[in-house]
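Next come the chains, spelled out residue by residue.
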Amino acid sequence: MSISSTARAGRTPPDGHTPFRLVLTILCFLMLAPALLLGILWYVHMKYPKPQEDMMMFGGMQQAPPAPSWRRWLEPPRPPSQLRRQRSGKGEANVLREGVAGQGTVAGGMDPGHLALRELAESQTILVNQGERSEQDAWETFQQSSVRGPHREYEQKRLRSRMLLMKFADNEDDLAILREFREAAVEVVEMPLASFEEYYYAGVATLFSGEDNLAREYLTKALDQWPARGLGYANVYFFMLLAKGIEPDTPTFFRMIADFKETYPNWMYIETYMPDIEHLERVYPHAPLIRAARGYCYSLVYNDAAARAAYQQALAMSKLDHLGRQTINGWLSQLEDGPS
Amino acid sequence: MSFLLLCSWSSIVIFVWMVKRKYHWTAPPYVFLLIFALAGVNSTFPAMVTNNFLGRETIFYAFSPELIESFFGFFIGAGLGEELFKLVGGLMVLLLLTLFRIDIGPAGRYLGFVVVGLAFATAENLFAYYWLEFWTMVHRGLLAVPFHAGMGMVHGYFVNMAWKRGSPVPIFIGYLASAVLHTYYDVATILSPNVDPRLILYTFVATLMLWGLWQWYRIAERVEMAADESTEQ
């Protein structure tokens with residue numbers, strides 16, 4: 001049986017020196033060394049303060065984050081549990097006020113190097129979007145940036161995803177671009193820093209690629225994490241509604257479509273979102289509830305003829321279940337009889 | 001749970017291996033080692049504050065594109081800062097033990113500082129690097145955690161020397177040595193951009209560990225044996 005060395009330690013003189021001398025030895029270091037470090041920190045703070053415009057490193061397009069108290073030095077990226085709490089109504093305002101980037105990371109708590117990379121990537125994305133830079137140039141500018149750090153890979157993938165998103169938006173029918181966009185968007189969400197926005201794009205990319213199961217997974221995360229209830233959230237809601245129709249999760253689909261008008265502020269601008277529905281009809285030719293969604297949206301803007309045609313297409317499909325058939329028949333009779 | 005394991009497996013392996021290799025006849029001072037571990041965890045917070053302060057309030061941001069700024073960012077933040085807080089954490093425990101006239105012997109002190117380093121590395125994985133990818137965390141387990149253990153060995157070696165001489169000078173030397181080594185570990189890949197970083201870092205950490213384990217091999221297991229050695233010298 002072993003004997004604890006500490007149990008009998010008191011009997012042994014500690015290396016021949018009195019405890020008083022040893023305490024003095026330790027205290028000497030404990031007082032001098034922290035003072036040395038504090039002195040160095042104070043000196044570099046006084047002598048080499050960070051210029052405010054340097055916070056962004058690449059042109060200072062954004063003000064430095066507010067620094068109201070010492071607490072900001074302690075602020076780590078927010079854990080997912082905190083983000084989930086913020087999703088509730090109480091937290092929304094705070095998230096929005098501070099600005100969200102990454103997985104709940106507030107701009108004020110972002111690593112300066114990460115912030116610089118994000119700034120560079122965003123500025124390049126804007127310039128490409130405005131047609132003022134070619135994608136190749138933008139990509140090269142980002143690659144040449146000398147900012148190192150662990151966030152570089154994430155920002156690089158995110159930038160690639162954004163570039164392809166723009167290309168995809170301009171060429172929705174180009175399958176090669178869609179495939180590339182889908183690959184890039186999924187690569188980004190596989191990284192731990194992925195934000196609600198990345199989940200949204202990955203959801204859209206996979207939905208248009210015919211992977212509705214994966215799309216629902218990403219869109220669910222996007223809906224859960226989306227920190228506001230504006231048009232951005234409404235777009236996620238819109239694609240989730242269609243994804244539910246493809247599944248088909250008929251009760252959820254009808255529940256969501258009943259709230260569509262309230263949730264989607266641009267419901268009356270049907271020309272903005274109808275191409276997406278029609279595109280998905282081509283990707284999922286045997287999904288009756290997509291036709292039902294098209295009919296419902298037409299009925300909102302009193303295009304009864306188009307609504308009726310869409311409902312009839314849905315009813316003609318064999319995959320429509322009983323609940324779907326019943327509800328669409330009800331909508332059809334409302335069209336015939338006028339609003340009840 | 002699996003994430004906790006991912007952050008701490010390397011610390012557990014190093015600790016268990018060191019204990020198994022040394023304590024054949026006596027039990028390690030587990031209670032005091034636990035206090036050392038708490039000190040190690042606590043030392044991560046001031047280290048985080050210092051690193052963030054440097055990055056946000058001064059030009060010495062560790063990941064700055066400017067080499068000089070980056071170098072001093074690592075030297076002041078990671079080198080002088082992190083090593084100071086680990087050393088101070090361990091010394092505070094030793095101070096308390098000395099005030100209560102408890103001597104855990106050279107092996108206990110050495111292992112105590114290693115435990116501070118391991119706890120610091122684990123806490124750093126948990127609090128500062130939890131967002132890294134799986135394989136990066138595995139690499140941290142093979143590099144950063146043994147490295148912090150090695151820094152603990154440097155601290156333990158010099159604290160034992162200070163104990164033997166009754167002078168604070170070796171602690172200062174140990175502090176500066178660990179600060180320089182830590183800075184080298186962080187900037188080695190920047191200073192040698194054409195060499196595979198894995199080659200540099202794994203070689204460096206392996207050398208450090210070999211030195212530390214050699215020192216560990218030389219230390220007597222029991223307090224009495226160490227005292228006898230000290231008296232003979």
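Residues numbered from 1 in each chain as written. Chains lettered and ligands numbered in written order. Predicted model: local features only at pLDDT ≥ 70, side-chain atom pairs only at ≥ 80, totals over all residues.

**Brief notes about the overall build of chain B**
Okay, step 1: Looking only at helices and strands, chain B features 9 helices and 1 strand.
Okay, step 2: Secondary structure elements in chain B, listed N-terminal to C-terminal, are α-β-α-α-α-α-α-α-α-α.
Okay, step 3: Counting every position in chain B, which comprises 233 residues, the buried fraction comes to 52%.
Okay, step 4: In chain B, of all internal contacts separated by at least 6 residues, the share reaching a separation of at least 24 is 75%. (Helix = DSSP H or I, 4+ residues; strand = E, 2+ residues; numbered from the N terminus. Buried ≥ 20, exposed ≤ 12 C-beta atoms within 10 Å, placed from the backbone. Contact = placed C-beta atoms within 7 Å.)

**Quick notes on the overall build of chain A**
Okay, step 1: Of regular secondary structure, chain A possesses 16 helices and 3 strands.
Okay, step 2: A buried classification covers 37% of the 340 residues belonging to chain A.
Okay, step 3: Across chain A, contacts joining residues at least 24 apart in sequence account for 58% of those joining residues at least 6 apart.

**So, unusual backbone geometry**
Residues and elements named next belong to chain A.
Okay, step 1: The peptide bond linking Glu247 to Pro248 adopts the cis configuration, its omega dihedral lying at -10°.
Okay, step 2: On the secondary structure map, Pro248 appears in the loop between helix H10 (231-246) and helix H11 (250-258).
Okay, step 3: Notably, Tyr302 is not glycine yet its phi reads approximately 60°, a positive angle.
Okay, step 4: Summarising the element assignment, Tyr302 is placed in the loop between helix H14 (288-300) and helix H15 (304-315).

**Brief notes about the environment of B:Ala149**
Residue and element names in this part refer to chain B.
Okay, step 1: Considering the arrangement of structural elements, one finds Ala149 in helix H6 (residues 144-165).
Okay, step 2: Judged by the 27 C-beta atoms lying within 10 Å of it, Ala149 falls in the buried class.
Okay, step 3: It is 9.1 Å that separates the C-alpha atoms of Ala149 and Phe120, two residues lying 29 residues apart in sequence.
Okay, step 4: Not counting residues up to four positions away in its chain, the partners in contact with Ala149 are Ile14, Val114, Gly117 and Leu118.

**Digging into the packing of helix H3 (residues 67-99) of chain B against helix H4 (residues 105-127) of chain B**
Residues and elements named next belong to chain B.
Okay, step 1: Contact pair H3 / H4: the axes reach a minimum separation of 10 Å and the direction vectors enclose 135°. By the angle class used here, H3 and H4 are oblique. Crossing hand, H3 versus H4: right-handed. Counting all contacts with H3, which are made through Lys86, Gly89, Gly90, Val93 and Leu94, the residues of H4 involved are Arg109, Gly112, Phe113, Val116, Gly117 and Phe120.
Okay, step 2: Its residues assigned to classes, the contact of H3 with H4 comprises 5 nonpolar, 4 polar and 2 charged. (Axes fitted to C-alpha atoms, helices over the stretch in contact; angles between N-to-C directions. Parallel < 35°, antiparallel > 145°, perpendicular 65-115°, else oblique. Left-handed = near helix turned anticlockwise from the far one by under 90°. Nonpolar A, V, L, I, M, F, W, Y, C, P; charged D, E, K, R; others polar.)

**Focus on the packing of helix H1 (residues 19-47) of chain A against H3(B)**
Okay, step 1: Running from amino to carboxyl end, H1(A) crosses H3(B) at an angle of 155°, the nearest separation of the two axes being 10 Å. Compared by their axis directions, H1(A) and H3(B) come out roughly antiparallel. For the element pair H1(A) and H3(B), the recorded crossing hand is left-handed. Judged by residue contacts, A:Pro19, A:Leu22, A:Val23, A:Ile26, A:Phe29, A:Leu30, A:Ala33, A:Pro34, A:Leu37, A:Ile40 and A:Val44 of H1(A) engage B:Ile76, B:Leu80, B:Gly81, B:Leu84, B:Val88, B:Leu91, B:Leu94, B:Leu95, B:Thr98 and B:Leu99 from H3(B).
Okay, step 2: A breakdown of the residues in the contact of H1(A) with H3(B) according to their chemical character gives 19 nonpolar, 2 polar and no charged.

**Side note on the nonpolar core**
Okay, step 1: A:Leu242, A:Ala293 and B:Val115 are the most contacted members of the largest nonpolar core, which has 135 residues in total.
Okay, step 2: Looking at this core, the element that brings in the most residues is H3(B), giving 14 residues. (Core = buried A, V, L, I, M, F, W, Y, C linked by C-beta atoms within 7 Å.)

**Some details on the confidence of the model for chain A**
Residue and element names in this part refer to chain A.
Okay, step 1: Mean pLDDT over chain A: 77, with 76% of residues reaching 70 or higher.
Okay, step 2: Note on residues 1-14: pLDDT under 50 across the span, and 33 contacts to partners over four residues away in sequence or across chains.
Okay, step 3: Across residues 53-108, confidence stays below pLDDT 50; counting only partners more than four residues off in sequence or on other chains, it has 83 contacts. (pLDDT = per-residue confidence, 0-100.)

**Observations concerning the environment of A:Ala305**
Okay, step 1: Relative to the elements of secondary structure, A:Ala305 occurs in helix H15.
Okay, step 2: Expressed as a C-alpha distance, the spacing of A:Ala305 and A:Gly295, which sit 10 residues apart in the sequence, is 9.2 Å.

**A few points about the environment of A:Leu241**
Residue and element names in this part refer to chain A.
Okay, step 1: As for its placement among the helices and strands, Leu241 is situated in helix H10.
Okay, step 2: C-alpha of Leu241 to C-alpha of Arg216: the two residues are 25 residues apart in sequence and 9.5 Å apart in space.
Okay, step 3: If we ignore the near neighbours within four places in the chain, the residues touching Leu241 are Phe253, Met256, Ile257, Phe260 and Ala293.

**Focus: the confidence of the model for chain B**
Okay, step 1: Looking at chain B, pLDDT values average 86 and 94% of them are 70 or higher.
Okay, step 2: Across the whole predicted complex the pTM is 0.53, and at the interface the ipTM reaches 0.82.

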